[in-house]
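Residue-level structure breakdown
Residues per chain, in single letters:
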Amino acid sequence: MTKTTLKIATALAATGMILATAIPAFGSALGGNVNLGLNVNVKASTTVDAKVTSKMKERADKEIARRIARLNQVLAKIQGMARVSDTVKANLKTSIDLQVAALTNLKVKIAADTDIEMLKADVKSITGSYRIFALVIPQGEIIAAADRVNTVAQMTSDLGVKLQARITLASTAGKDVAALNAALVDLNAKVADARTQSTAAVNAIANLTPDNGDKAKMAANEASLKDARGKIKIAQEDLVKARQDAKVIVKGLKELKIEVKGNFNYSSLI
Amino acid sequence: LGQIYGNLQVTKHIMSSGTKTILILIIILLIGGAIWYSISNGAGTNSTATSTTLINPANNSASSTSTADGTSVSARGSSDASLDADAADIDARIKAFSTDGAAIDDGLNDKPVSQTQ
């Protein structure tokens, strides 16, 4: 009994000693596991943030680059304009230059952003500034289109002066020019309307300003831009019809076979 | 020419032979230039049934519009060939109308690249 009790006591003591050694180690191991788990979470969180930041910067960069390219495209068109007033050209150029400068600065700032909240705010400003871009681009394109309309209108008008002279010449030679005169009247009317429409289109949009989040103003701007677009379309159609009139007149004149020698003073014949 | 030469004969005692040679050369050049101008002006005529000569221009009153070849619509003249050239220039610019319209529509329908995560 005594021996058995002693054996049991020894076994218990040994077990106790083993457990006494093992439990702290086990506890420590558990603690280590907890700590390790926290470290993994922190590292994962940092990785996710870096990925998010990178994505945000990539998207922002793409949008900024797209807008700068489009603005420069319109700027190049403006520089080639010949018949739009210098004031309109200068105002539009100023707006575009400001936009390009602001976007370029924003691009640099976003690339350097290390604080996530700052980055979010900068990215948000891209969206906020979109209304300016959405106004300036159609404005520029409409003015560029109006410029071409005015150029073609002038060319057609110049051609009309020559055609008038040739018709007068044919009439003086006793030819029937009634149909040619009718076509010329239509040509001149179409050219005049094209000019009226293009001027109205430019006037409708030249002084529009960004809505800055004002929805009523945004709607008004959109309506003005669409109205101007419609006017440009009418002006272009007018000039296509005027060109058809010119074609009819030129064909008719050729059929009349009136000899033309050298140049002449058109105005003396009108 | 005979009269001019006669006048030169009258004044020969007061002019050196070198001066006379230069004067004759100038007169020949002027006459040659006038003939060349006359021929080149008549070069663009159309040979057709009815012939009517127009007055040479004092000016081209209409404002000019530069074209691709550096001339202008109003400066080109009014022969059939000139009218065809003017019309071709106008056609080339009219073709660009569709591009202009598309560019405006593109601007009106533009959508921003989404910035949401």
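Residues numbered from 1 in each chain as written. Chains lettered and ligands numbered in written order. Predicted model: local features only at pLDDT ≥ 70, side-chain atom pairs only at ≥ 80, totals over all residues. Heavy atoms only, no water.

Some points on the overall build of chain A
Helices and strands together make up the secondary structure of chain A, namely six helices and zero strands. Order of helices (α) and strands (β) in chain A, N terminus to C terminus: α-α-α-α-α-α. Scored against the burial criterion, the 270 residues of chain A give a buried share of 39%. Partitioning the contacts of chain A with sequence separation of at least 6, the portion at a separation of at least 24 is 81%. (Helix = DSSP H or I, 4+ residues; strand = E, 2+ residues; numbered from the N terminus. Buried < 20%, exposed > 50% of the residue type's maximum accessible area, 1.4 Å probe, protein only. Contact = heavy atoms within 4.5 Å.)

Some words on the environment of Leu-75 of chain A
Residue and element names in this part refer to chain A. Of note, Leu-75 is situated in helix α1 (residues 2–79). On the accessibility criterion, Leu-75 (11% relative accessible area) is buried. Residues Leu-75 and Ala-144, spaced 69 residues apart in sequence, show a C-alpha to C-alpha distance of 9.8 Å. If sequence neighbours within four positions are ignored, Leu-75 has contacts with Lys-93, Ile-96 and Asp-97.

Regarding the packing of helix α2 (residues 86–112) of chain A against helix α4 (residues 130–172) of chain A
Residues and elements named next belong to chain A. Remark: α2 packs on α4, axes separated minimally by 11 Å, with the N-to-C direction vectors making an angle of 145 degrees. The crossing of α2 and α4 is left-handed. Where α2 approaches α4, its residues Val-88, Leu-92, Ser-95, Ile-96 and Gln-99 are matched on the opposing element by Ile-132, Phe-133, Val-136, Gln-139, Gly-140 and Ile-143. Of the residues contributing to the contact of α2 with α4, the split by class is seven nonpolar, four polar and no charged. (Axes fitted to C-alpha atoms, helices over the stretch in contact; angles between N-to-C directions. Left-handed = near helix turned anticlockwise from the far one by under 90°. Nonpolar A, V, L, I, M, F, W, Y, C, P; charged D, E, K, R; others polar.)

Section: the nonpolar core
Counting residues in hydrophobic clusters, the biggest one holds 39 residues, and the most contacted among them are Leu-71, Ile-96, Ile-110, Ile-142 and Ile-143 of chain A. Among the elements that make up this core, the one with the highest residue count is α4 of chain A (11 residues). With sequence-adjacent residues up to four places away left out, Ile-110 of chain A is seen in contact with Lys-57, Ala-60, Ile-64, Leu-119, Asp-122, Val-123 and Ile-126 of chain A. Counting residues in each nonpolar core, the second largest holds 30 residues, with Ala-153, Leu-163 and Leu-169 of chain A together with Phe-97 of chain B among its members. (Core = buried A, V, L, I, M, F, W, Y, C linked by side-chain atoms within 4.5 Å.)

Details of the environment of Ala-112 of chain A
All names here are of chain A. Within the fold, Ala-112 resides in helix α2. According to the relative accessible area criterion, Ala-112 is exposed, its value standing at 55%. Expressed as a C-alpha distance, the spacing of Ala-112 and Lys-57, which sit 55 residues apart in the sequence, is 9.6 Å.

A few points about the packing of α4 of chain A against helix α6 (residues 215–256) of chain A
When two helices pack together, their arrangement is captured by the angle between the axes and the distance separating the axes. Residues and elements named next belong to chain A. Where α4 meets α6, the axes come as close as 9 Å, and the angle between the chain directions of the two elements is 20 degrees. When the axes of α4 and α6 are compared, the pair comes out roughly parallel. At the point where α4 passes α6, the crossing takes the left-handed sense. By residue class, the composition of the contact of α4 with α6 is 25 nonpolar, four polar and four charged. (Parallel < 35°, antiparallel > 145°, perpendicular 65-115°, else oblique.)

A word on a nonpolar patch on the surface
On the surface, a nonpolar cluster with roughly 310 Å² of combined accessible area is contributed by Ile-22, Ile-26 and Leu-30 of chain B. With relative accessibility at 61%, the residue Leu-30 of chain B sits in the exposed group. (Patch = residues over 30% accessible without salt bridge, like charges linked within 9 Å, V, L, I, M, F, W, Y side chains within 5 Å. Areas by Shrake-Rupley, 256 points an atom, 1.4 Å probe, with all protein chains shown as cover. Salt bridge = Lys/Arg side-chain N within 4 Å of Asp/Glu carboxyl O.)

Observations regarding α2 of chain A
Between its first and last C-alpha, α2 of chain A extends 39 Å over 27 residues, near the 39 Å set by a 1.5 Å rise per residue. Looking only at α2 of chain A, the buried set comprises Val-88, Lys-89, Leu-92, Ile-96, Gln-99, Val-100, Leu-103, Leu-106 and Ile-110 of chain A. (Expected span 1.5 Å × (residues − 1).)

Examining the side chain of Asp-238 of chain A
Relative to the elements of secondary structure, Asp-238 of chain A occurs in helix α6. Among buried charged residues, Asp-238 of chain A stands out as having no salt bridge; its nearest opposite-charge side chain is Lys-241 of chain A, 5.3 Å away. (Lys, Arg positive; Asp, Glu negative; His and termini not counted.)

Comments concerning the packing of aromatic side chains
Residue and element names in this part refer to chain A. Scanning the model with the defined rule gives one aromatic pair over all chains in all. When the ring of Tyr-130 is compared with that of Phe-133, the centres are 5.8 Å apart and the planes differ by 45 degrees; the resulting orientation is tilted. Within this pair, Tyr-130 and its partner Phe-133 are both found in helix α4, separated by three residues, close to a single helical turn. Phe-133 sits in the buried class, given a relative accessible area of 1%. One residue, Arg-67, lies across the ring of Phe-133, its end atom 5.6 Å from the ring centre. (Phe/Tyr/Trp six-rings, centres within 6.5 Å; stacked < 30°, edge-to-face > 60°. Lys NZ or Arg CZ within 6 Å of the ring centre and 35° of its normal.)

Structural measurements only, silent on function.
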